[in-house]
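Coordinate inspection notes
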Amino acid sequence: MSERTAHPHSEEDSTPSLHFIEQVVVDDLASGKHKQIHTRFPPEPNGYLHIGHAKAICLSFGLAESHNGLVNLRFDDTNPEKESQEYVDAIRRDVSWLGYTWNGGEFYTSDHFDSLYAFATRLIENGKAYVDHQDAATMAEQKGSPTSPGTNSPHRDRSVEHNLQLFQEMKAGDHPDGHCVLRAKIDMGHPNMHMRDPIIYRIKRSHHQRTGDDWCIYPMYDFAHGQCDSLEGITHSLCTLEFEVHRPLYEWFIENLNIFPSRQIEFARLNLDHTIMSKRKLLRLVEEGHVDGWDDPRMPTISGLRRRGFTPQSIRTFCDRVGIAKRENVIDFSLLEWALREHLNRTAHRAMAVLDPIKLVIVNYPEGQSEELPSENNPEDPSAGHRMMPFGRNLWMERDDFKEEANKKWFRLAPGKTVRLKSAFIVRYVDHIKRADGRVEEVHVEYFPDSKSGSDNSGIKAKGTLHWVNASTAIDAEVRLYDRLFSDAAPDGHEGQDFTEFLNPNSLTVRSNCKLEPSLQQAQAGTPYQFTRLGYFSMDEEHSAQAGHPVWNRSVTLKDGWKG
RNA sequence: UGCCCCAUGGUGUAAUGGUAGCACACCGGUUUUUGGUACCGUUUGUCAAGGUUCGAGUCCUUGUGGGGCAACCA
């Protein structure tokens, strides 16, 4: 056995650094505090999941996955007024799509309503909770403020028997909505506002998605979340920073109920620039028609990203790179884009498409003649094979690839320039035709027959390579180009200005006259392709069906290093 | 005039008292039948002031800056 140096930067030492939560997990496992960890992802089914949730999902599921633990998916359904089955279904689909399985089970807070009621009763019996009959405004006033203590409710010292009876009446429906609440009896002078006799049950006659009209009282978040964690045996309950001030209460209930001590640990939520992450605001985008729906490809929702063409793997890579810490953060949107490119460059098949076509005529290629030329499906992966590209005299080329006046830095077509047509021949400019308004319509070139791709004996050097599509076999398609939804980096960070003022008017560009190579006839909706030199695209099933012709979404551009 | 949390390049994130590293972005170069990819390189950082220590990004004190907390929401 060789002696190891203690040098911290030794190349032999490849121990990956752990973020602070994983460090806790590793320590708890090592110390024997837990034999197995058990986490949970607990969304309220009142909206669609977004990329911020993806971070939380990757954390809780990822931790369980890498430490042989369990994860529960728990729907936090304590407020029936805002929740619905539509959201439950969407959440399930999104978590599954990310590639995770809730191997600890699927739960609903409502599954635990009986236990929660029993817990509340126990608290009353121990003199730790009481029924308060004051109205909301009065209670708010008595609560004090962050800088001044609160005052006790006149109902604070009711007897256990009386409280028990009143709470039973609340449950039985003897009191109208809002008439009274159950409160934990803690300390109205506590410096932490959440400890000033928090409300733990309220009366709300609202039909519940799962329990119907069985209950007219529902527990508040603080009296449901931690208790469910405990009932489900959750060892590490991970949530975002805004719940930090709730932790003393979380622990107070564990102590006073004497139940399994789940541990709450908070981390900083994800913020992405040029977008918004609040469910409420995303809902407004949908309801006010700024986007087509929750799954609009410009939305930061999981379903929007999926439709945009993001892959589960790219989102998981992104979450991994973002890291876990307690510091407020704003992640560059470009990191998300990088994660997608990183995945798709390795895996997506290449195809040629012209989004803004002008005619390209090879004047010395015989009319009526054609041939098939092979083109590799993925230069990063030889096993992906190749496909045959029809080639002829009349082609489509990209309008951006021609310029009437060009300098030495212009590698594409222009008077005097020579370029290669990808996987085909080298061609030289001959002429071009303009419409009366000056718009270029047609470019004429001559080709060098001995410059064929793979057997080039011409000795000619071409600096630029252009993509093209054979005119007679091209597929007509519509392509939607997406840009950031907001032109401002922090649309909700301007006081006095609504975030909708910063919507990017050019976030969607529709190109309706695109030409695709014929192999794309077989393309499956949702399968990513790289359109050579343009970016990553996939066909949109819903839009295609609506339009009656193929509609493709651009997921992300290729990185453009040209500073022309 | 309270309580809690946080502070490392442009953006994130490591360094567990001992060489401030990595990724993204940016800029430059090499290769290239994608101005992509790959590879190489440059620039840029410990909020401040004291203290402890042989040694402080890390520990202590005090400031400064940022975030959170007063729904019968979660």
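Before going into details, it helps to say that this report is about the structure given with it. Model, not experiment: these values are computed from the prediction.

Thresholds, definitions, all that
Residues numbered from 1 in each chain as written. Chains lettered and ligands numbered in written order. Predicted model: local features only at pLDDT ≥ 70, side-chain atom pairs only at ≥ 80, totals over all residues. Heavy atoms only, no water. Helix = DSSP H or I, 4+ residues; strand = E, 2+ residues; numbered from the N terminus. Rg over C-alpha atoms; globule rule 2.2 N^0.38 Å. Contact = heavy atoms within 4.5 Å. Areas by Shrake-Rupley, 256 points an atom, 1.4 Å probe, with all protein chains shown as cover. Lys, Arg positive; Asp, Glu negative; His and termini not counted. Charge placed at Lys NZ, Arg CZ, Asp CG, Glu CD. Buried < 20%, exposed > 50% of the residue type's maximum accessible area, 1.4 Å probe, protein only. Salt bridge = Lys/Arg side-chain N within 4 Å of Asp/Glu carboxyl O. Axes fitted to C-alpha atoms, helices over the stretch in contact; angles between N-to-C directions. Left-handed = near helix turned anticlockwise from the far one by under 90°. Nonpolar A, V, L, I, M, F, W, Y, C, P; charged D, E, K, R; others polar. Pairing = 2+ DSSP bridges. Core = buried A, V, L, I, M, F, W, Y, C linked by side-chain atoms within 4.5 Å. Domains from an automatic or database assignment.

**Digging into the overall build of chain A**
When you go through chain A residue by residue, the secondary structure sums to 13 helices and 25 strands. On C-alpha atoms alone, chain A measures out to a radius of gyration of 31 Å, which is more than a quarter above the 24 Å that the 2.2 N^0.38 rule sets for 564 residues. Dimensions of chain A, computed from the C-alpha atoms along their principal axes, are close to 100 × 70 × 40 Å. Within chain A, contacts between residues separated by at least 24 positions form 70% of all contacts whose residues are at least 6 apart in sequence. Total accessible area on chain A is roughly 26300 Å²; 47% of this is exposed by carbon and sulfur atoms. Counting 66 positive and 83 negative side-chain charges, chain A places the averaged centre of each group 5 Å from the other.

**Things to note about unusual backbone geometry**
Here the phi dihedral of asparagine 68 falls at roughly 55 degrees; this positive angle occurs in a residue that is not glycine. Note on placement: asparagine 68 falls in the loop between helix H2 (51-66) and strand E2 (70-75). Given the relative accessible area of 64%, asparagine 68 is considered exposed. Look at arginine 533: it is not a glycine, yet its phi comes out positive at around 70 degrees. Position of arginine 533 relative to the elements: it lies in the loop between strand E23 (529-531) and strand E24 (535-539). Taking relative accessible area as the criterion, arginine 533 reaches 31% and is therefore assigned partly exposed.

**Section: the pattern of salt bridges**
Inspection of every chain in the model, using the stated rule, returns 37 salt bridges. For aspartate 437, the salt bridge is made with arginine 435, and the minimal N-O distance between the two is 2.6 Å. Aspartate 437 sits in the exposed class, given a relative accessible area of 53%. One continuous salt-bridge network, built from bridges that share partners, spans Asp295, Arg307, Asp540 and Glu542.

**Here we look at the packing of helix H1 (residues 20-31) against H2**
One way to put it is that H1 packs onto H2 with a least axis distance of 11 Å and a crossing angle of 35 degrees. As H1 runs across H2, the sense of the crossing is right-handed. Here H1 contributes Ile21, Glu22 and Val25 to the contact with H2, which in turn contributes Leu59, Leu63 and Ser66. Looking at side-chain class alone, the contact of H1 with H2 contains four nonpolar, one polar and one charged residues.

**Considering the sheet that holds strand E22 (residues 508-516)**
Backbone-to-backbone hydrogen bonds pair the strands of a sheet. The strands run either parallel or antiparallel. If you walk across this open sheet you meet the seven strands as E10-E23-E24-E25-E21-E22-E11, and the pairing is mixed. In this open sheet, the two edge strands, each paired with only one partner strand, are strand E10 (349-351) and strand E11 (353-354). The pairing of E24 with strand E25 (residues 551-557) spans five bridges and is antiparallel. Paired with glycine 535 across the strands is threonine 557, a residue of E25. Most of the contacts of helix H12 (residues 333-347) go to E25, to which it runs at about 110 degrees, and overall it touches E10, E23, E24 and E25.

**Comments concerning the packing of helix H7 (residues 221-231) against helix H8 (residues 247-257)**
At a minimum axis distance of 9 Å, the contact between H7 and H8 shows a crossing angle of 60 degrees. Judged by the sense of rotation from one axis to the other, the crossing of H7 with H8 is right-handed. Facing Asp222, Phe223, Gly226, Gln227 and Asp229 of H7, the residues of H8 in contact are Leu249, Tyr250, Phe253 and Leu257. Classifying every residue of the contact of H7 with H8 by side-chain character gives five nonpolar, two polar and two charged.

**What about the nonpolar core?**
Among the nonpolar cores identified, the biggest contains 48 residues, and Ile51, Val95 and Phe318 are the most heavily contacted of them. Every element with two or more residues in this core is listed here: H1, H2, E2, helix H3 (85-97), strand E9 (263-267), helix H10 (302-308), helix H11 (312-322) and H12. Looking at this core, the element that brings in the most residues is H2, giving nine residues. When residues of this core are assigned to domains, at least three map to each of domain 1 (36-267) and domain 2 (279-347 + 477-516 + 523-556). Ignoring anything within four residues of it in the chain, the contact list for valine 95 reads Phe41, Leu49, Ile57, Phe61, Tyr100 and Trp102. Residues Ile124, Tyr218, Phe223 and Ala224 belong to the second largest nonpolar core, which totals 35 residues.

**Comments concerning the sheet that holds E2**
Pairing is parallel in the open sheet, where three strands are placed in the order E1-E2-E3. What marks the edges here is a single partner per strand, and that holds for strand E1 (38-41) and strand E3 (105-108). Averaged over all adjacent pairs, the angle separating strand axes in this sheet is 30 degrees, with direction ignored. The pairing of E1 with E2 spans four bridges and is parallel. Considered in E2, the bridge of threonine 39 is made with valine 71. Sitting on the sheet, H2 is in contact with E1 and E2, with an inclination near 160 degrees to E1.

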